[in-house]
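# Reading the structure
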Amino acid sequence: MAIEWDRIGQPGLDRIVEALVHRMYEASASVEAVNGRGGDAGIDIKVSSGSRVRIFQLKYYPDGFPAGSYKGRRSSVKESFSRAMAHSPWEWVLVVPCTLTTPEREFVASLAAGQGVRVRVWDRAKLDGLMATHADLEASFTRNQLYDAAKVFGQEQAMLMGGLPDVHARVAGLGRQIDGLDDHWTVDFARQGETVVQTLRGKHPRAHEVSPVEFTVTGNGPWAPELTAAVRRSLGFGVPEEVVRPREAVQCLTVRGLEWLSGEHRDIEVRWRPVVAVPPGERGVDVVFLDGEQVTASYPGTLGHLGSGSIGRSVHVELPGGKLELLVPRGTGMPASMRFTFSLERLEPAAALRLLRMRQRIVTGGAFEVRTSVGTVGGGELPAESGAAHQEVAELRRYVEDLEVVQRHCEQYFPLPAELSPTDRIALRVARLLVDGQCVISPFLPRLSFTLSGGDSPGLRALLSGEQQSVRCSTEEFAVTLAGRRLRLGPVPSSFPVSPPSRRTDSGLWPLSMPVAVTGARSPCGPWTGNDSGCCCRTLRPAPNRPPCRLNYPASPNPADDA
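Analysis parameters
- Residues numbered from 1 in each chain as written.
- Predicted model: local features only at pLDDT ≥ 70, side-chain atom pairs only at ≥ 80, totals over all residues.
- Heavy atoms only, no water.
- Phe/Tyr/Trp six-rings, centres within 6.5 Å; stacked < 30°, edge-to-face > 60°.
- Helix = DSSP H or I, 4+ residues; strand = E, 2+ residues; numbered from the N terminus.
- Buried < 20%, exposed > 50% of the residue type's maximum accessible area, 1.4 Å probe, protein only.
- Polar contact = N/O pair within 3.5 Å; in protein donor to acceptor, adjacent residues only side chain to side chain.
- Contact = heavy atoms within 4.5 Å.
- pLDDT = per-residue confidence, 0-100.
- Pairing = 2+ DSSP bridges.
- Axes fitted to C-alpha atoms, helices over the stretch in contact; angles between N-to-C directions.

Here we come to the packing of aromatic side chains. Evaluation of the coordinates by the stated rule reveals 7 aromatic pairs. When the centroid spacing of 5.0 Å and the interplanar angle of 65° are considered together, the rings of F56 and W122 count as edge-to-face. Here W122 lies in strand β5 (residues 118-122) and F56 lies in strand β3 (residues 52-58), a separation of 66 residues in the sequence. When sorted by exposure, F56 lands in the same class as W122, which is buried. Centre to centre, the rings of F65 and F107 are 5.9 Å apart; their planes meet at 65°, and the pair counts as edge-to-face. With F65 in the loop between β3 and α2 (73-84) and F107 in helix α3 (residues 102-110), this residue pair connects regions lying 42 residues apart in the sequence. A residue is classified by how much of its surface remains accessible, and F107, at 14% relative accessible area, is buried. One aromatic cluster in this structure is built from Y25, F56 and W122.

Here it is, written out as structure tokens:
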């Protein structure tokens, strides 16, 4: 609906032109509308772009400014132009809501004589063209005109003059109209920019059985491999994931089955997603692993989805921190496929261990089933995975087991740390082995030394004989720090290997008969010689003659096999 320029008055003209100028120039220039109540100095709207200034003068002369009538209009235009020249504009624009005659245009053009300024006119034709270009502005300024017309037909609400409540009422009313088209199906709709999204939705779980709807998608060109796989999962097994066929890949969508929906649709994007379905009362399941008829392991879970398609069924099981997705073909002899995903983030070690043990079962391969209280809903035979997969999960499980044992011993429970440095990992391994009653090599105990006083004793002679000896002591509080927590294991007895001073007599003994040579001499304790390094920590539960065990962690100290 066009602007009725001869009815809007000067205030209406001012508002519309101000909005137009802002829309056209504000992205690249500064736009300022001047309130003329105190005198506008020849400026109604000023547009500044660097050193260039553009001045707009708005005159509400719907009948123009002919020379023989409406005396004073031309003088007013000339006076406004003269005041504007004080600002040295690059361009001066006269805006009038009428179609100028040739003499009127010549009058405006003559104003620029000798001024060095470009003069232009926005008349009615120019204004109509600009409003057509910016149709949303035209619509906003013609709402009152449309409202007056709408009141005649009793359609005030259709114009949304009440704001958002009217929007809600109109959308809800339209939805009720659509709901009444069919007993089994309805269409949900949404507007996203200039795109209208329509979603077909069943009113009840058996809508597809009572009133089937058939869709045929005719594509353009071959499908990408990932799209082919997604379509197979979705339509073949009923996996509840969205499949998107982009607009450029759809030649035509044909719908059959509902009279009000049937037909061919072109230039559209097609999306579909099977409904997530869970039989009532069948939420609890067990994932069991079998050796023949014998159950070797069983893990509880929650049935998240049980779907069906043209090839077979899909089963989704939710686990704390993980998800199992199973595709089970209907044909005999066709193998089932399983995808097991999990995250150990924010899980305590006990819960994480359950996921890792299940992962080890899957990596090992073999028969499995998903069982509910009324029977088996899926299962199959898993192939064994590579040795690298076995090693990866075994190392991760060993780390989590170490943390679980130490947490339980110290009675401090917390989720798995986001990361542990190699040093922290070795310290955790040492702590776990000590809790298990093992004797371990620790690189973290301090290096000790002692000073010889000059006295003699059999024990001292044994230490200085050149044979490997050790000094034993007890640590009152052995602790490790992980994830900002200090985990105290308790007192730990320790032994330190002794390396005697190198100066000896021909008999192999240090000359203890020479006190001056002995007093003040220092002898270090540790490190181990040969393949070993660090200090030997005795177990929390001491046992005689127990050899140090291996840490079995890369870059950690491991005693020799014959230690």
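Once that is clear, we can look at the side chain of D402. Considering the arrangement of structural elements, one finds D402 in helix α11 (residues 387-410). Of note is the side chain of D402, whose polar atom sits 3.1 Å from the side chain of R425. If we ignore the near neighbours within four places in the chain, the residues touching D402 are R425, L428, R429 and R432.

All right, on to the confidence of the model for the chain then. Per-residue pLDDT for the chain averages 81, and the proportion of residues at 70 or more is 81%. The element-level mean pLDDT for the chain is lowest in helix α14 (residues 515-518), coming to 31, with strand β4 (residues 91-95) highest at 96. Counting contacts from residues 508-536, a segment whose pLDDT is below 50, to residues more than four positions away or on other chains yields 93 contacts.

The strand order across the open sheet formed by 5 strands is β1-β2-β3-β4-β5, and the pairing between neighbours is mixed. With one partner strand each, in any of the chains shown, β1 (30-33) and β5 form the two edges of the open sheet. For this sheet, the mean inter-axis angle between neighbouring strands, taken without regard to orientation, is 15°. Bridge count between β1 and strand β2 (residues 45-49): 4 bridges; the pairing is antiparallel. Opposite V31, over in β2, you have V47 as the bridge partner. Along the sheet face, helix α1 (residues 9-25) touches β1, β2, β3, β4 and β5 and points at about 155° away from the line of β3.

A word on the side chain of T186. With respect to the helices, strands and loops of the structure, T186 is situated in strand β6 (residues 185-192). For T186, a relative accessible area of 1% corresponds to the buried category. Within the structure, T186 has its side chain in polar contact with the side chain of D179 (distance 2.4 Å). Setting aside anything within four residues of it in sequence, one finds T186 in contact with I178, D179, T199, L200, R201 and K203.

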